[in-house]
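Remarks on the overall topology
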Amino acid sequence: MKNIYRWDNLTRPEIEKLVQKDAIVIIPTGSTEQHGLHLMVGSDALISTALSERVAEVLDKEYGMPAVVAPTLSVTNSIHHMSFPGTITLRPETYMQMLLEYCECLAHHGFKKIVMLNGHGGNINPTETAIININEKLGFPVYFNDYCWGSEKDMDEILETQKGGLHAGEMENSLALYFFPDLVDPCYKEQKTGNYTKETVEPSAPYTFHRMEEMTPTGALGNTYASSPEKGERLAKAMVRNMAKMFSELW
């Protein structure tokens, strides 16, 4: 069935009409990388795309702001996962150049409302850096938002054993169980990595680059045994609501 909010489902005339309507373009940024023993390697791309499609629908129907979801960037910056099979990555500088050329294409066709909806922590630093050049080159602001940002209070009320979005942990696995239950291995019911609790505070220290195997032997962090599709549904609804409101106020 045709999804009217997906760029790759539309015809050229339909996209031309979106330009005329000054539509918002949402670019899902994910990754292709290992997610422990239980989650699919496409988790970040699949979840960010699913959330993007729902945000576009809410923007259109509730805010009267036409929106479309551009093709997902599913191979990005995942160098820190390369010791685990299943990971495909670009160098940070390659990823940053791709973002620039991608946005240049959208701007060339007349789109001037662009926001990236991110599902992968490894994209944050290079994307924020790339946006400096993107905005300077295009002459208008392109925005970037991780799907967790703006929903911290909701996440704290829903999650039971961790704060925030640890890699392949309670939050991410709950979203996957909600959106893609057939893709999640049942072994998640027994998984616990890192002794994380709601009270765990990351130590303050100078930043450096770490590979995932330095932090976890399984490739995952957090307590997947505590995840559920019900939590995933609550998380997704809160995130979509908050992101749609946030994006509606950008222009």
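The coordinates are above.
Let me sum up the structure you'll find in this document. (Residues numbered from 1 in each chain as written. Predicted model: local features only at pLDDT ≥ 70, side-chain atom pairs only at ≥ 80, totals over all residues. Heavy atoms only, no water.)

**Some details on the overall build of the protein chain**
Put simply, the rule reads: Secondary structure elements are taken from DSSP: a helix is a run of H or I of four residues or more, a strand is a run of E of two residues or more, and numbering for both begins at the N terminus. Two things to know: the radius of gyration comes from C-alpha atoms, and the globule rule equals 2.2 Å times the number of residues to the power 0.38. Note on classification: 1.4 Å probe, protein chains only; a residue is buried when its accessible area is under 20% of the maximum for its type, exposed when over 50%, partly exposed between these limits. In this analysis, two residues are considered to be in contact whenever any of their non-hydrogen atoms come within 4.5 Å of each other.
Helix and strand counts for the protein chain come out as seven helices and four strands. Along the protein chain, helices (α) and strands (β) appear in the sequence α-β-α-β-α-β-α-β-α-α-α when read from the amino end. A compact globule built from 251 residues should have a C-alpha radius of gyration of about 18 Å, and the protein chain, at 18 Å, falls within 12% of that. Each principal axis of the C-alpha atoms in the protein chain carries an extent, and together these give about 50 × 35 × 30 Å. Of all 251 residues assigned to the protein chain, the portion counted as buried reaches 52%. Once local pairs closer than 6 in sequence are excluded, the contacts in the protein chain between residues at least 24 apart make up 78%.

**Remarks on the packing of aromatic side chains**
Under the convention used in this document: Pairing of aromatic rings covers Phe, Tyr and Trp, the last counted by its six-membered ring, and requires centre-to-centre distances within 6.5 Å; plane angles under 30 degrees mean stacked, over 60 mean edge-to-face, and any other angle means tilted.
Applying the stated rule across the entire model yields five aromatic pairs. When the ring of Trp7 is compared with that of Phe111, the centres are 5.4 Å apart and the planes differ by 50°; the resulting orientation is tilted. With Trp7 in the segment before α1 (12–20) and Phe111 in the loop between α3 (92–108) and β3 (113–118), this pair connects stretches of sequence that are 104 residues apart. According to the relative accessible area criterion, Phe111 is buried, its value standing at 1%. Ring centres 5.6 Å apart and planes at 85° place the aromatic pair Tyr143 and Trp251 in the edge-to-face group. One end of the pair, Tyr143, is in strand β4 (residues 143–146); the other, Trp251, is in the segment after α7 (229–248), with 108 residues separating them in the sequence. Given a relative accessible area of 26%, Tyr143 falls into the partly exposed group. Exposure remark for Trp251: the relative accessible area of 31% places this residue in the partly exposed category.

**Some thoughts on the sheet that holds strand β2 (residues 67–69)**
Our working rule: Pairing between two strands is assigned when DSSP locates at least 2 bridges connecting them. Angles run from 0 to 180 degrees between N-to-C directions of axes, and those axes are lines fitted to C-alpha atoms, restricted for helices to the stretch in contact.
Sheet architecture is open: four strands sit in the order β2-β1-β3-β4, paired in parallel fashion. The sheet is open, and its two borders are formed by β2 and β4, each paired with just one other strand. Along the sheet, successive strands turn relative to each other by an average axial angle of 25°, direction set aside. Two strands pair when backbone bridges link them, and strand β1 (residues 24–29) and β3 are joined in this way by six bridges, in the parallel orientation. Considered in β3, the bridge of Val25 is made with Ile114. Along the sheet face, helix α4 (residues 124–138) touches β3 and β4 and points at about 170° away from the line of β4.

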